[in-house]
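The chain contents come next:
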Amino acid sequence: MDAFFQFLQANPFILLFFTVGAAVGVGRISIKGYGLGMVAAAIVVGAGLSIWASVYGVKLQLNEWAKSLFYYLFMYGVGLRVGPSFVNSLKGDGLKFVVLSFVSCFVGLAIIIAGVRIFDLPPGTAGGILAGSQTMSAAIGSAEQAVTAGAVTLPPGTTPEQASGMIALSYGITYIWGTVGIILICKYLPRWWGVDAKAAAVEYERTHGVQNVDDTGLTGYRPFGLRAYRVEGADVIGHTIAEFRNKYPMYRVGNVQRGGRSLGAAADVALERGDVVALGGRLEDLTVHMGVIGPEVADSDALNIPLDQAEILVTRKEVEGKRLIDFRQTELAGQIQLGGIERGGVPIPIGTDTKLQRLDVLRVVGLKAAVERAATIMGRIARPSTATDLLTLSGGMILGFLIGLIQFPAFGASVGLGNAGGLLVSGVIVSSVVSRLRFFGNTPNAARNVLEDMGLVVFVAIVGVNAGAALLSQLTGAIALKIFLVGFIACSVPPFVVWALGYHVFKINPAVLMGGVAGARSHSGPAREAAKEIDSSVPWIGFPVGYAISGILLTVLGYFAMILA
């Protein structure tokens, strides 16, 4: 093993990606659905390798500049992702979930600061406990920023490397309960409160037209259809398509076939006996008035209408705040089918009362002309693209670094967002501006995911490797127990406070509030388990706003936890 560790020491790039690969493999291991995940595994694997190598007298070390670079890319990617939801949350009903997120984050921060002071824990533990107990791995970086920027005054004899080691150690000790605890609490909170969340979900689904789509799977049911009919009915012969539409507004004529020729579907086309009409509409409407036009026929020429599927990015202010049911009487009704809505990177349930927000992504399929018309009305078609606007990426990164230079006096020193916080803010700004101007700044989801996933796991892996050797000299059973206890309380108390505030003060539907509690912790796992517990997708409705807000807050608070503790 001595030769192996010496080889890794001499080849840092191999060491880095060996650690990353091993972390991904370990992170995939789960017991009854619970596992470390690749980020927490990166700390464990990196520190484990470093400690193991130190037994043979080999010190593993990775470049600090590379660590900062990958963390900065990650923070910018997070800003791009949460920017749309963050901006939209600052108005309307989203403000309730904004308040819940602030309460959750600051209650957790207060508990951690108090615990670190009461137990007199070593420097670095506050940032690590916040990152682990609140399951916000990005806070590791902001906590380290506080150390490297000199915002934290270290006691005599304590080195920055030791503080970084305690950040990693505290994160690893508190992360497990931070992940499992919030899932269990969110899942069973309604039951402990004496509330029937399943009945509340059913009521919400009934009053808001929300369907439970979590467990539908692949099905033969299609709510919309396109069928061909031969014109024989006396009520329609001689009438134009416009007159037919006035009498039967629930239908859309897609094409008229006459004598082997396609006449299209212009409003002034008059229907004649023997024409074949391609008729589209909701399935129940197509079956209610069977025979009005004539018998159904299998005419491939009439049904040979160009269809399209696309993702539409909502950018038009005119449709912002409109409910889906408001589009039922428009020209789009019956011509396109809405397959899903994504908000802030998170799919949300669809209901007739679902209100559109700017930067929602709508997955639609239907007549090609209707899809293009829908895009014109709502915003623009977001066609899949592999091209990234690197000029905007570079400009956004520069803007973030400039924002990070801004400092103001506080806590007896000059503090600021730092490079990481500046890049987070910059990502939010860029994603918001791009959505409104719409002619630059394309960053495909796949590219953004690489920034986030690769950036974070590489950063954490380097933290683990560089901190590992210092952990042995700092860790004792008493310190580990105190760290776990503080993390346990910081994880467990805020959800109860958020639930009480949301249920008793804001009067939020309990099923929706389950997702709100999960969102306030920026963790999708509890929302998923809550949806399974009550057999409804309603919890996801309360998730996106808190997810965006707490994701930013907890990341920034890692910095201030180090200062205040």
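Please read all numbers here as calculations on a predicted model, not as lab measurements.

A. Focus on helix H7 (residues 138–148). Within H7, 10 of the 11 residues are buried, which leaves the element mostly enclosed by the surrounding structure. Turning to H7, its buried residues number three or more, namely Ala-138, Ala-139, Ile-140, Gly-141, Ser-142, Ala-143, Glu-144, Gln-145, Ala-146 and Val-147. Of the residues flanking the end of H7, it is Gly-150, one or two places downstream, whose phi is positive at about 80°.

B. Quick look at the packing of helix H5 (residues 94–119) against helix H6 (residues 125–133). Viewed as axis vectors pointing N to C, H5 and H6 meet at an angle of 140°, and their least axial separation amounts to 10 Å. Put simply, H5 runs oblique to H6. Of the two possible hands of crossing, H5 and H6 adopt the one that is right-handed. The residues of H6 that touch H5, namely those facing Leu-109, Ile-112 and Val-116, are Thr-125, Ala-126, Ile-129, Leu-130 and Ser-133. Class assignment of the residues belonging to the contact of H5 with H6 gives a composition of six nonpolar, two polar and no charged.

C. Up close: the packing of aromatic side chains. The full count for this structure, using the stated rule, is 18 aromatic pairs. Between Tyr-71 and Phe-74, the aromatic rings sit 6.2 Å apart at their centres with planes inclined by 35°, giving tilted as the arrangement. Of this pair, Tyr-71 and Phe-74 both sit in helix H4 (residues 64–88), three residues apart, roughly one helical turn. What makes Tyr-71 buried here is its relative accessible area of 1%.

D. Here's a closer look at the pairing of strand E5 (residues 261–264). In terms of strand pairing, strand E4 (residues 251–258) meets E5 through three bridges, oriented antiparallel. Pairing of Arg-258 across the sheet is with Arg-261, part of E5. A loop of two residues connects E4 with E5, the two strands running antiparallel in sequence, and Gly-259 in this loop sits at a positive phi of about 60°.

E. Region of interest: the side chain of Asp-275. Residue placement: Asp-275 occurs in the loop between E5 and strand E6 (276–282). Looking at Asp-275, the relative accessible area reads 2%, which means it is buried. Within the local environment of Asp-275, its side chain forms a polar contact with the backbone nitrogen of Glu-272, the two atoms lying 2.8 Å apart. When sequence neighbours within four positions are dropped, the list of residues in contact with Asp-275 reads Tyr-229, Arg-230, Val-231, Val-256, Gln-257, Arg-258 and Ala-270.

F. Region of the structure containing the nonpolar core. Core analysis: the biggest nonpolar cluster contains 113 residues, and Leu-60, Tyr-71, Met-75, Ile-140, Tyr-171, Val-460 and Val-517 have the highest contact counts within it. Not counting residues up to four positions away in its chain, the partners in contact with Met-75 are Ala-138, Ala-420, Leu-423, Leu-424 and Thr-555. One finds Phe-327, Leu-332, Ile-336 and Ala-374 within the second-largest nonpolar core, a separate group that totals 21 residues.

G. Geometry of unusual backbone geometry. Its identity is not glycine, yet Lys-507 carries a phi of approximately 55°, on the positive side. In this structure, Lys-507 sits in the loop between helix H16 (477–505) and helix H17 (510–520).

H. Local environment of a nonpolar patch on the surface. On the surface, a cluster of nonpolar side chains totalling about 770 Å² of accessible area is made up of Met-1, Phe-4, Phe-7, Ile-14, Phe-18, Trp-52, Val-55 and Tyr-56. Contributing elements (two or more residues each) for the nonpolar patch: helix H1 (2–10), helix H2 (12–27) and helix H3 (37–55). By the secondary structure assignment, Phe-4 is in helix H1. Phe-4 sits in the partly exposed class, given a relative accessible area of 32%.

So, how was this worked out
- Residues numbered from 1 in each chain as written.
- Predicted model: local features only at pLDDT ≥ 70, side-chain atom pairs only at ≥ 80, totals over all residues.
- Heavy atoms only, no water.
- Buried < 20%, exposed > 50% of the residue type's maximum accessible area, 1.4 Å probe, protein only.
- Helix = DSSP H or I, 4+ residues; strand = E, 2+ residues; numbered from the N terminus.
- Axes fitted to C-alpha atoms, helices over the stretch in contact; angles between N-to-C directions.
- Parallel < 35°, antiparallel > 145°, perpendicular 65-115°, else oblique.
- Left-handed = near helix turned anticlockwise from the far one by under 90°.
- Contact = heavy atoms within 4.5 Å.
- Nonpolar A, V, L, I, M, F, W, Y, C, P; charged D, E, K, R; others polar.
- Phe/Tyr/Trp six-rings, centres within 6.5 Å; stacked < 30°, edge-to-face > 60°.
- Pairing = 2+ DSSP bridges.
- Polar contact = N/O pair within 3.5 Å; in protein donor to acceptor, adjacent residues only side chain to side chain.
- Core = buried A, V, L, I, M, F, W, Y, C linked by side-chain atoms within 4.5 Å.
- Patch = residues over 30% accessible without salt bridge, like charges linked within 9 Å, V, L, I, M, F, W, Y side chains within 5 Å.
- Areas by Shrake-Rupley, 256 points an atom, 1.4 Å probe, with all protein chains shown as cover.
- Salt bridge = Lys/Arg side-chain N within 4 Å of Asp/Glu carboxyl O.

That is the geometry; function is a separate question.
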